[in-house]
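What follows is the residue order along each chain.
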Amino acid sequence: MVAFFLSGVTRMARAPGFDVHLVVHTHWDREWYHAAGRFRQRLVALIDELLDAPTIRGERFLLDGQTIVLGDYLAVRPERLAALALALRDGAIEAGPWFVLADELIPSGEALVRNLLAGRRDLAALGATSPPVLYSPDAFGHPAALPTLAAEFGLPLIVLWRGLGGDRWPAGDVFRWRAADGSEALVYHLPRDGYEHGSDMPAGDDAMRARWERQRPELVARARTAVLLYANGADHHARQRDLGEAMDTFARVARPDRVVPSSLSAFARAVIAASAERDVPRIAGELRDSYGYTWTLQGTLGTRAAIKRRNAIAERVLVRDAEPWAAIARLAGSCSRAPTVRAAWRALLLGHPHDTLCGCSTDEVARAASVRLDDAMAQANGIRDDAVLDLIGHPVERARERRDEWRGALVIRNRAARARGGVAEVELVRFAGAEPVGPGSVIASPAPLAALPTLGDDAALQLDGGWALEHDRTESPRHYPVNELVWRTAAVAWVDPIGAYTVAAFPMNSEARPAPEHIVRAGDSWIENAAIRVEVGAGGALRIESRRGHHAVDDVLSWHDEGDVGDLYTHSRAPGDAVHATFVGAAVVAHGPLRARLEMMWRWELPMSATRAGRAAGVVSGTLRATITLDAAAEFARIAVSGDNETRDHRLRVVVASGVCDAVVHADAMFGPVLREPIRLSDVAVAIERPPPTAPLHRYVTLSNAERGATLFSDGLAEYEVLPQGAIAVTILRAVGELSRNDLPERPGHAGWPVATPEAQSRGPWCAELALMPHGPRDDATIDRIERAADDVLIPLAGTTLRSALDLCAPSPGVVLEGQGLAFSALKESDDGKWIVARCVNLTESAVCGRWRFGAPIGEARASRLDETPAGELSINESTIAFDAPPRAVVTILVR
């Protein structure tokens, strides 16, 4: 949704002269049509020149608002650390506040917070600070909560381009942008030519005068103050060779306008001061609409979908697993893991620049991003595992030396800030035989598989897969690992409620235990529990029915595939009808009592059309699968989809019906859901770029009306579209083979440099996981229920076998968040190492009284900004901190 308010606002009349701040800069895509290493070679030459040839006219050089370029430079030129630090401190070079100029609609709010924290750390290490500007010159749209981020990092000005401008917005270059929590930031909106409108200034009077006479009318017509920004730079451009002469010429021919060599910091101070004296338009909502003004490029949400999904999973592991367990272990007296957490985030953030995470880069860049995701996941999982062992008091070194005393335990962790019980997804490991490593080692004969274990008096088990013989290592920091053969399988366990962010260890034994009270049942073509019934009818019609007074959804699942002759920026539908899959059959493949599964299969035949490269047309056939999973006591049905893409130039979507017609759409986004409405444009605007009907998908999208609602959850696919009659189409993949084309009716012209991207055809296996929950109309109670369900879908109770357990300890002390409509956002060690940061978001439009309860007494608690700047002291009742959360507020608290 977008909104603006014009009451009392008038445009700036033509003035006798304007203050034109000439800011010299480069826009530095770290990787795009070249890999990062190649672009770094050009970056080193650029910064060498800046340090070797200081300016003489007072201009400064902006390194594109990000600090990653500083690290990239110093990795090659470490001997120039002092010179670079001096240039930053003196203001000759500006950088930050971001670590990387990220896409802002795909990452979570917490990822954007970590991005700014990393940028601040980089600058602090060099004795410098950033300009007071949230600088975002080329992101493909901006989230509604960005003013909150700017305000809480002490950045009063946002400079941006795409996503704002055109018929649906008020005219002008300065706005006040209001977030849902009431935070505001001043926005300076770049002109139609964006961040490069002042590039390559001519040094001759006549040429510069003609250029200024052409550019000035647009700038003046939009001006709401007497302060203008003239950005001299462009993509990967070094400082203009004849800059001094060109600046002198510009200053001379622009009179009575006053052209001054400036910096982003000086411009920010000037436009903030000038805007304080004027009533400027107020806007609110997401900025995803610059149609008719400049390209918005929202088609990238479905590009290289597998990488976006893996990124979302990695973010979730860091925010909901690694950081909280490390913080709780620190509260319990363990060592700080903040440095290793920051290193894991750095690996992940390197994949967040908009050309990288959006997928509109070369195949080489995509492969590098995939490797970084592997690295980030490995680091995050290691942090989690080490912290959990600390919390349960497992003596790693002593256990390594006492192999004969091992007794298996299942360690289950609750990754939510509320007590939970029910079905936990666990990994079972059983000893099969010794398999030493080194000289004289021989292959052992594995022991036969013993009886299925159970978990003492508190849990029951159901296998969720077959047993596999694998290697397993038990490690210690002062020993070689113990290497053994083991039997391994996935299972589900029923556990009674365990505390919020608590780790509980269950002993393994082989005694029979009764089934739990809550079970799931299955028949030939149906599965059900107390809340949900799932049934497949004739022809593959899937029906999901709420058994608690909500509604039934018919024809839940279908597939939609159509030709895509677009590029990595824009979907372009090929002529011809969409291909619909043919239902093959369904079968119940797991009957409970804890988890039931119903598997459905379709056959499809896709036309493989001839391309400009002359490849022959043909038909490719394949199989689509959907596995509907229902757990005991769950209020939603999981939908896992998979297949194998063997063709090119098409877009595949899974379509999930909601049963909600004439719906209002709310979609999860940065710091809470936003209202989404269709974008309707004039014919003139559409001629420049046609808006896709798709939108960003974070964790879920909710459709509701006055009688009912339904929420579809996604584990990381980033694009959805609401279709007529309340169906939701989620993009599985876009198979295209060009970085940029210039012949698309949806966006005439190249959005990037044309490069073949055959790996973006997304050949090979794919998978994703969704879930559907029918519910009542959207109100505060339902909002709270949806958020809890999101935790249960995406971060269920999980457990692993600890084969080397010696003594089992009591459940670890946890951290609880209380308050209807309050969503957990973060629990982490602070950047300075002095505090534990606890953050939540009020998802409702009502004020909420909340509480954090910690597992140990708290000595001090303070309110805080997102940037972890302490504010007022909060009252403490032993281990409980009460706080007020205004409507839609992001509430950050520091404790120690």
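Keep in mind the model is a prediction, meaning the values are calculated, not measured.

Our next topic: the overall build of the chain. In terms of helices and strands, the chain carries 15 helices and 48 strands. Its C-alpha atoms give the chain a radius of gyration of 29 Å, within 12% of the compact-globule value 29 Å for 896 residues. Dimensions of the chain, computed from the C-alpha atoms along their principal axes, are close to 90 × 60 × 60 Å. A burial count over the chain gives 59% of its 896 residues as buried.

Read from one edge of the open sheet, five strands run S23-S28-S35-S34-S31, paired in antiparallel fashion. Whereas interior strands pair on both sides, the edge strands pair on one side only; in this sheet they are strand S23 (557-563) and strand S31 (695-696). Pairing between S23 and strand S28 (residues 650-657): seven bridges, direction antiparallel. Opposite Leu557, over in S28, you have Val656 as the bridge partner.

Looking at where Arg420 falls in the secondary structure, it is placed in strand S13 (residues 420-434). The exposure class assigned to Arg420 is buried, which follows from its relative accessible area of 5%. One polar contact links Arg420 to Asn414, side chain to side chain, over a distance of 2.8 Å. Engagement of the side chain of Arg420 in a polar contact is seen with the side chain of Asp792, the distance being 2.8 Å.

The biggest cluster of nonpolar side chains holds 145 residues, and the ones touching the most others in it are Leu149, Tyr188 and Phe250. Apart from residues lying up to four places away in sequence, Phe250 is in contact with Val20, Leu22, Met201, Met208, Trp212, Tyr230 and Val259. Listed in part, the 50 residues of the second largest apolar core include Leu630, Ile639, Tyr720 and Val730.

Between its terminal C-alpha atoms helix H1 (residues 36-52) stretches 24 Å, which fits the 24 Å expected from 17 residues at 1.5 Å a residue. Looking only at H1, the buried set comprises Ala36, Phe39, Leu43, Val44, Leu46, Ile47, Asp48, Leu50 and Leu51. Lining the buried residues of H1 we find strand S3 (61-62), helix H2 (68-76), helix H3 (81-90) and strand S4 (93-94).

Right, let's get into the pattern of salt bridges. Tallying each qualifying case throughout the model produces 74 salt bridges. A salt bridge links Glu79 to Arg77; the shortest N-O distance between them is 2.4 Å. Here Asp567 makes a salt bridge to Arg747, at a shortest N to O gap of 2.8 Å. Placement of Asp567 in the loop between S23 and strand S24 (582-591) and of Arg747 in strand S37 (residues 747-748) is noted, with a sequence separation of 180 residues between them.

On inspection of all chains with the given rule, the structure shows 18 aromatic pairs. With a centroid separation of 6.0 Å and an interplanar angle of 70 degrees, the aromatic rings of Phe583 and Trp602 are classed as edge-to-face. Residue Phe583 is found in strand S24, and its partner Trp602 is found in strand S25 (residues 595-608); the two are separated by 19 residues along the sequence. One aromatic cluster is present, formed by Trp28, Trp32, Tyr33, Phe39 and Trp753 through successive ring pairs. Here Arg403 stacks its cationic end above the ring of Phe431, 5.2 Å away from the centre of that ring. The residue whose ring lies beneath Arg747 is Trp295, and the NZ or CZ to ring-centre distance is 5.3 Å.

Among the eight residues in strand S41 (residues 822-829), eight count as buried, and that is most of the element. In this sheet, strand S42 (residues 836-842) lies alongside S41 in antiparallel orientation, the contact comprising seven bridges. Directly across from Phe824, in S42, lies its bridge partner Cys840. Two successive antiparallel strands, S41 and S42, enclose a turn made up of six residues, where Gly833 displays a positive phi of approximately 80 degrees.

Within the element layout of this structure, Ala491 appears in strand S16 (residues 479-498). A C-alpha to C-alpha distance of 6.8 Å links Ala491 and Leu428, two positions 63 residues apart in sequence. In this view, Ala491 contacts Ala424, Glu425, Val426, Leu428, Leu461, Gln462, Leu463 and Asp464; residues no more than four positions away in its chain are not counted.

Looking now at the confidence of the model for the chain. Mean pLDDT over the chain: 93, with 94% of residues reaching 70 or higher. Here residues 4-14 is a poorly scored stretch, pLDDT under 50, and it has 28 contacts once near neighbours within four places are set aside; other chains count. Across residues 610-616, where pLDDT falls below 50, the model places nine contacts with residues more than four positions away in sequence or in other chains.

This part covers the packing of helix H6 (residues 205-222) against helix H7 (residues 243-253). Between H6 and H7, the least distance of the axes is 9 Å, while the angle of their chain directions is 60 degrees. As far as their axial angle goes, H7 and H6 are oblique. Crossing hand, H6 versus H7: right-handed. On H7, the residues that touch Asp205, Met208, Arg209 and Trp212 of H6 are Thr249, Phe250, Arg252 and Val253. Here the residues of the contact of H6 with H7 sort into four nonpolar, one polar and three charged.

This brings us to the sheet that holds S42. The sheet built from five strands is open, its strands ordered S41-S42-S48-S44-S45 with antiparallel pairing. What marks the edges here is a single partner per strand, and that holds for S41 and strand S45 (870-873). Taken pair by pair, the neighbouring strands of this sheet meet at an average axis angle of 30 degrees, ignoring direction. Packed onto the sheet, helix H4 (residues 109-125) meets S41 and S42 and runs at close to 30 degrees relative to S41.

The next thing to look at is unusual backbone geometry. Of the consecutive residues Gly96 and Pro97, the connecting peptide bond is found in the cis state with omega at 15 degrees. Note the cis peptide between Arg255 and Pro256, where omega equals 20 degrees. You can see Pro256 is positioned in the loop between H7 and strand S10 (258-261). The backbone of Leu297 sits at a positive phi, close to 60 degrees, despite the residue not being glycine. With respect to the element layout, Leu297 can be found in the loop between strand S11 (282-285) and helix H9 (305-331). Exposure remark for Leu297: the relative accessible area of 1% places this residue in the buried category. In this structure, Ser762 is a non-glycine residue whose phi angle is positive, near 60 degrees. Within the secondary structure, Ser762 is located in the loop between S37 and strand S38 (764-775).

Here is what the cut-offs are and how they apply
- Residues numbered from 1 in each chain as written.
- Predicted model: local features only at pLDDT ≥ 70, side-chain atom pairs only at ≥ 80, totals over all residues.
- Heavy atoms only, no water.
- Helix = DSSP H or I, 4+ residues; strand = E, 2+ residues; numbered from the N terminus.
- Rg over C-alpha atoms; globule rule 2.2 N^0.38 Å.
- Buried < 20%, exposed > 50% of the residue type's maximum accessible area, 1.4 Å probe, protein only.
- Pairing = 2+ DSSP bridges.
- Polar contact = N/O pair within 3.5 Å; in protein donor to acceptor, adjacent residues only side chain to side chain.
- Core = buried A, V, L, I, M, F, W, Y, C linked by side-chain atoms within 4.5 Å.
- Contact = heavy atoms within 4.5 Å.
- Expected span 1.5 Å × (residues − 1).
- Salt bridge = Lys/Arg side-chain N within 4 Å of Asp/Glu carboxyl O.
- Phe/Tyr/Trp six-rings, centres within 6.5 Å; stacked < 30°, edge-to-face > 60°.
- Lys NZ or Arg CZ within 6 Å of the ring centre and 35° of its normal.
- pLDDT = per-residue confidence, 0-100.
- Axes fitted to C-alpha atoms, helices over the stretch in contact; angles between N-to-C directions.
- Parallel < 35°, antiparallel > 145°, perpendicular 65-115°, else oblique.
- Left-handed = near helix turned anticlockwise from the far one by under 90°.
- Nonpolar A, V, L, I, M, F, W, Y, C, P; charged D, E, K, R; others polar.

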